[in-house]
Number of protein chains: 2
Amino acid sequence: MSHTPASKTLSSRRAQLPEPSLRRLPWYLAFLTTLRHEHVEHVSSTRIAAEVGVEASQIAKDLSFLDIRGKTRIGYEVAALETALRSFLGFNEAHNGIVVGVGSLGSALMADRGLQRYGLDIVAGFDINPALRGTLVSARPVYGMERMAEIVRTWDVSIAAVTVPVENAQAVADIIMDAGIRAIWNFTPCRIRVREGVAVQNTSIYSHLAVMYNRLDNSPKP
Amino acid sequence: MSHTPASKTLSSRRAQLPEPSLRRLPWYLAFLTTLRHEHVEHVSSTRIAAEVGVEASQIAKDLSFLDIRGKTRIGYEVAALETALRSFLGFNEAHNGIVVGVGSLGSALMADRGLQRYGLDIVAGFDINPALRGTLVSARPVYGMERMAEIVRTWDVSIAAVTVPVENAQAVADIIMDAGIRAIWNFTPCRIRVREGVAVQNTSIYSHLAVMYNRLDNSPKP
């Protein structure tokens, strides 16, 4: 059983959370946001379970890592649990990020103000195309790759989104790691090799298309 | 053992492929694209294995679902395997899609011409905001929700990307299914409930941020 005295810091409590639990927390947060918009004040883990398709006992276990307790027969307070989840997930912190590869997906990420609501502020873009240097994309400057280490130091950048063509992904990841960045958000289908202590998260949206096409093929026509 | 006579159609071969294999194929494709750019002509499953971090025997098994064979000691022909993978994954077909929720992420998807290279053409956007109706986003029209069924019929739309605020996701998914769409690409962290025969693919990019923040916290500082 986990046990989370209030004295423990947020990041040490986070460190204890298994990654599958971490991946479920945003689902609970999404449902709580919906409930708040419907002016619902309390919710039981059973109700959350029915909505997100996870066992109520698992939900209670996942939420036990947060510094918040439900009350018998009343359940969790919606607003308090929503706030606790946002904070636990790091969405209330300010992380600086860069986008490497200012093509259509890269520009899109630089334009997406939704990222800020989830704790990520894109401070600059980088591209090998000289024509893009010195331009602004969604009010953020675009630099050549040789400026990366300097910008990373100046802005204390911790995360780099990789949105270059797949054949350049590994070379770009190496430049990013040389610049001192310790988290790579990889939007390409390339399996990037990282050094020890560097985190990589794959969000290969085009690969997801293949899965969808396949399911479309296999599902019976109505 | 799988067995794939040439007489079988692409979609029946695809139907036999287990989903974990399907999820790996884009990794192989990414590596082949890189090799082609480096003018490499042949590649063995051992070489692919070293690059993508999957056992060579598993790669051979995954590729056996395609109508293509490697040659002893020479391996696979890079260009031919790349073409076969693109075609098998459905990236050479034309699928029409819509974006529901023309906010920052939705507009970004409408602007992302990369989707077309992977077989998805976004033909229109939909939004509840009356101010957006009749406008163009990246040269694609934006409609009110009440026009969805008509546009879906006219353009034979098969996929809808959901990029609305999380609290509206389920209601919007219901409208999408009513309009006759059978594949939902869900960019919200909401666990959307779908009817039988409707496929859903979750690409919750903001949830991935939480995982990255956590790994950053837990990785030793250099």
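If you're wondering where the values come from, they're calculated on a predicted model, not measured in any experiment.

## Quick word on the sheet that holds strand E6 (residues 140-143) of chain B
Residue and element names in this part refer to chain B.
- The 7 strands lie next to each other as E5-E6-E4-E3-E7-E8-E9, forming an open sheet whose pairing is mixed. The outermost strands of the open sheet, each flanked by one partner alone, are strand E5 (136-137) and strand E9 (199-202).
- Looking at chain direction, E5 and E6 are connected through 2 bridges and run antiparallel. Bridging across to E6, Val 137 finds its partner in Arg 140.

## What to know about the nonpolar core
- Of all hydrophobic cores here, the largest spans 98 residues; its most connected members are Trp185(A), Leu209(A), Trp185(B) and Leu209(B).
- With sequence-adjacent residues up to four places away left out, Leu209(A) is seen in contact with Phe91(B), Leu115(B), Tyr118(B), Leu120(B) and Trp185(B).
- By size, the runner-up hydrophobic cluster in this structure holds 28 residues, among which are Met145(A), Val166(A), Ile181(A) and Ile184(A).

## Re the packing of aromatic side chains
- Tallying each qualifying case throughout the model produces 10 aromatic pairs over all chains.
- Between Phe91(A) and Tyr213(B), the ring centres sit 6.5 Å apart and the planes meet at 75°, which makes this aromatic pair edge-to-face. Remark: Tyr213(B) occurs in helix H10 (residues 205-218) and Phe91(A) occurs in the loop between helix H5 (78-88) and strand E3 (95-100); the pair is interchain, linking two chains.
- Judged by relative accessible area, which is 3%, Phe91(A) ranks as buried.
- Given a relative accessible area of 2%, Tyr213(B) falls into the buried group.
- Between Tyr206(A) and Tyr118(B) the ring centres are 4.4 Å apart and the planes differ by 10°, which places this aromatic pair in the stacked class. Of this pair, Tyr206(A) sits in helix H10 (residues 205-218) while Tyr118(B) sits in the loop between helix H7 (114-117) and strand E4 (120-126), each in a different chain.
- Given a relative accessible area of 13%, Tyr118(B) falls into the buried group.
- The lysine or arginine in question, Arg191(B), covers the ring of Trp27(A), its NZ or CZ lying 3.4 Å from the ring centre.

## So, the pairing of strand E6 (residues 140-143) of chain A
Residues and elements named next belong to chain A.
- When strand E4 (residues 120-126) meets E6, the two strands line up parallel, connected through 2 bridges. If you follow Phe 126 over to E6, its bridge partner there is Tyr 143.
- Linking two consecutive strands that pair antiparallel, namely strand E5 (residues 136-137) and E6, is a turn of 2 residues; a positive phi of about 50° is found at Ser 138 within it.

## Quick look at the interface of chain A and chain B
- Of the residues lining the interface, 66 residues belong to chain A; the matching set on chain B comes to 66 residues.
- Across the chain A to chain B interface the summed buried area is about 6300 Å²; carbon plus sulfur atoms make up 62%.
- Counting the surface chain A buries against chain B, the share from its top three residues, Arg182(A), Arg191(A) and Tyr213(A), is 12%.
- Viewed at the interface, chain B and chain A are joined by 4 salt bridges.
- Residues Arg215(B) and Glu19(A) are paired through a salt bridge, measuring 2.7 Å at the closest nitrogen-oxygen approach.
- For the pair chain A and chain B, the number of links is 22 residue pairs in polar contact (both at pLDDT 80 or more).
- By residue number, the principal contributor to the side of chain A that touches chain B is H10(A), which donates 14 residues.
- In the side of chain A that touches chain B, the residues fall into 34 nonpolar, 19 polar and 13 charged.

## Focus on the relation of the copies chain A and chain B
- Expressed as a screw operation, the relation of chain A to chain B combines 0.0 Å of axial shift with a rotation of 180°, fitting to an RMSD of 0.0 Å. One copy is carried onto the other by what is essentially a two-fold rotation axis. When C-alpha positions in chain A are compared against the rotation axis, the closest is assigned to Ala108(A), at 2.2 Å.
- A shared binding surface is used by both copies, with 100% of the interface residues of chain A retained as interface residues in chain B.

## Things to note about the sheet that holds E5(A)
- Strand order across the open sheet formed by 7 strands is E5-E6-E4-E3-E7-E8-E9 (chain A), with mixed pairing between neighbours. With one partner strand each, in any of the chains shown, E5 and strand E9 (199-202) of chain A form the two edges of the open sheet.

## Thoughts on the side chain of Ser207(A)
- Topologically, Ser207(A) is positioned in helix H10.
- A polar contact is formed between the side chain of Ser207(A) and the side chain of Ser204(A), at a distance of 2.5 Å.
- Aside from chain neighbours lying at most four places away, what touches Ser207(A) is Pro189(A) and Pro26(B).

## Looking at the pattern of salt bridges
- Applying the stated criterion across every chain yields a total of 18 salt bridges over all chains.
- Among the salt bridges present, the one from Glu150(A) reaches Arg147(A), with a minimum N-O distance of 2.8 Å.
- Taking the relative accessible area as the measure of exposure, Glu150(A) reaches 33% and is therefore partly exposed.
- Residue Arg147(A) is classed as partly exposed on the basis of its relative accessible area, which comes to 32%.
- Arg195(B) is paired through a salt bridge with Asp178(B); the nearest N and O atoms lie 3.0 Å apart. One end of the pair, Arg195(B), is in the loop between strand E8 (183-186) and E9; the other, Asp178(B), is in helix H9 (residues 169-178), with 17 residues separating them in the sequence.
- Judged by relative accessible area, which is 39%, Arg195(B) ranks as partly exposed.
- Residue class for Asp178(B) comes out exposed when judged on its relative accessible area of 58%.

Procedures and definitions
- Residues numbered from 1 in each chain as written.
- Chains lettered and ligands numbered in written order.
- Predicted model: local features only at pLDDT ≥ 70, side-chain atom pairs only at ≥ 80, totals over all residues.
- Heavy atoms only, no water.
- Pairing = 2+ DSSP bridges.
- Helix = DSSP H or I, 4+ residues; strand = E, 2+ residues; numbered from the N terminus.
- Core = buried A, V, L, I, M, F, W, Y, C linked by side-chain atoms within 4.5 Å.
- Buried < 20%, exposed > 50% of the residue type's maximum accessible area, 1.4 Å probe, protein only.
- Contact = heavy atoms within 4.5 Å.
- Phe/Tyr/Trp six-rings, centres within 6.5 Å; stacked < 30°, edge-to-face > 60°.
- Lys NZ or Arg CZ within 6 Å of the ring centre and 35° of its normal.
- Buried area = accessible area lost by both parts, 1.4 Å probe.
- Salt bridge = Lys/Arg side-chain N within 4 Å of Asp/Glu carboxyl O.
- Polar contact = N/O pair within 3.5 Å; in protein donor to acceptor, adjacent residues only side chain to side chain.
- Nonpolar A, V, L, I, M, F, W, Y, C, P; charged D, E, K, R; others polar.
- Least-squares fit on C-alpha atoms with pLDDT ≥ 70 in both.

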